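A closer look at the structure
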Amino acid sequence: IMPAHSPFNGRLHNHEDCIENALQAASDICSRQGLRFTPIRKRVLELVWSSHEPVAAYQLLKTLRKEKKNAEAPTVYRALDFLQQHGMVHKIESLNAYVGCDHPGEAHVSQFLICTECKQISEQENDSVSQAIAREAQKSDFKVTGQVIEINGVCARCRR
């Protein structure tokens, strides 16, 4: 796989390396936590990381059925639930799709920049955003149990 430019920072990266890094991180997380990194979980994670675009569960199922005719939707959803629960993928709620987590195994709250043209997503971690939400929630005596912040726009590459 050729190095690719990120639409958000213009830096080159070797996409094959980022897939391998994601799989290794997932394997390490599972080993540390005594979890099973089954072949289907590994393959689903690999497919999610196969591009930096969000991928829907039905797209994953379609690909898996080419490889294994008896692949079923519940299997894909269970794998995605596992990967999401253990911080290896994020669900992009507005697209009902998944992307790989840039910081697997680390507790963090992310914001997602979503290019509406090329569909690339950049995961951001801005603590001041999370802290501002926590302060506002506290003022309202509201307990935040989760947050998904998705910002739609057009990346620099698509604007050119």
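Below is a short write-up of the structure. (Residues numbered from 1 in each chain as written. Predicted model: local features only at pLDDT ≥ 70, side-chain atom pairs only at ≥ 80, totals over all residues. Heavy atoms only, no water.)

Quick word on the overall build of the protein
Note the following rule: Secondary structure elements follow DSSP: runs of H or I no shorter than four residues count as helices, runs of E no shorter than two count as strands, and numbering proceeds from the N terminus. In this description the radius of gyration comes from C-alpha coordinates, and the expected globular size is given by 2.2 Å times residues to the power 0.38. The buried label applies to any residue whose accessible area, calculated with a 1.4 Å probe on protein chains only, is under 20% of its type's maximum; exposed applies above 50%, and partly exposed to all values in between. Whether two residues touch is decided by their heavy atoms; if any such pair falls within 4.5 Å, the residues are in contact. Where accessible areas are quoted, they stem from the Shrake-Rupley method and a 1.4 Å probe; at the residue level, only the protein chains shown are allowed to cover. Note on charges: Lys and Arg go in the positive column, Asp and Glu in the negative column, and His and the chain ends are not counted at all. The atom standing in for a charge is NZ when the residue is Lys, CZ when it is Arg, CG when it is Asp and CD when it is Glu.
A tally of regular secondary structure across the protein gives six helices and seven strands. Listing the helices and strands of the protein from first to last along the sequence gives β-β-α-α-α-α-β-β-β-β-α-β-α. Rg of the C-alpha trace for the protein: 17 Å, near the compact-globule value of 15 Å for 160 residues, within the 12% margin. For the protein, the residues scored as buried account for 34% of the 160 residues in total. A separation of at least 24 residues holds for 49% of the contacts in the protein among residues at least 6 apart in sequence. As displayed, the protein offers around 10000 Å² of accessible surface, 49% of which is attributable to carbon and sulfur atoms. In the protein, 20 positive and 19 negative side-chain charges are present, and the distance between their average locations comes to 5 Å.

A short note on the sheet that holds strand E7 (residues 149-153)
In plain terms, the rule: Strand pairing is defined by DSSP finding a minimum of two bridges between the two strands. Axis lines are fitted to C-alpha atoms, over the contacting stretch for helices. Their N-to-C directions set the angle, which ranges from 0 to 180 degrees.
Strand order in the open sheet formed by three strands is E6-E5-E7, and the pairing between neighbours is mixed. Here the strands that pair on one side only, and so sit at the sheet edges, are strand E6 (121-124) and E7. The mean inter-strand angle of the sheet, taken between neighbouring strand axes irrespective of direction, is 20 degrees. Alignment of strand E5 (residues 111-115) against E7, held across five bridges, turns out to be parallel. Looking at the pairing, Cys-115 lines up with Gly-153 of E7.

With respect to the packing of helix H2 (residues 39-48) against helix H4 (residues 73-85)
Our working rule: Any angle that falls under 35 degrees is termed roughly parallel, while one over 145 is termed roughly antiparallel, one within 65 to 115 roughly perpendicular, and all others oblique.
Close contact between H2 and H4 brings their axes to 9 Å; oriented N to C, the two are set at 80 degrees. In terms of their interaxial angle, H2 and H4 are classed as roughly perpendicular. For the pair formed by H2 and H4, the contact residues are Ile-40, Arg-41, Val-44, Leu-45 and Val-48 on the first element and Thr-75, Ala-79, Leu-80, Phe-82 and Leu-83 on the second.

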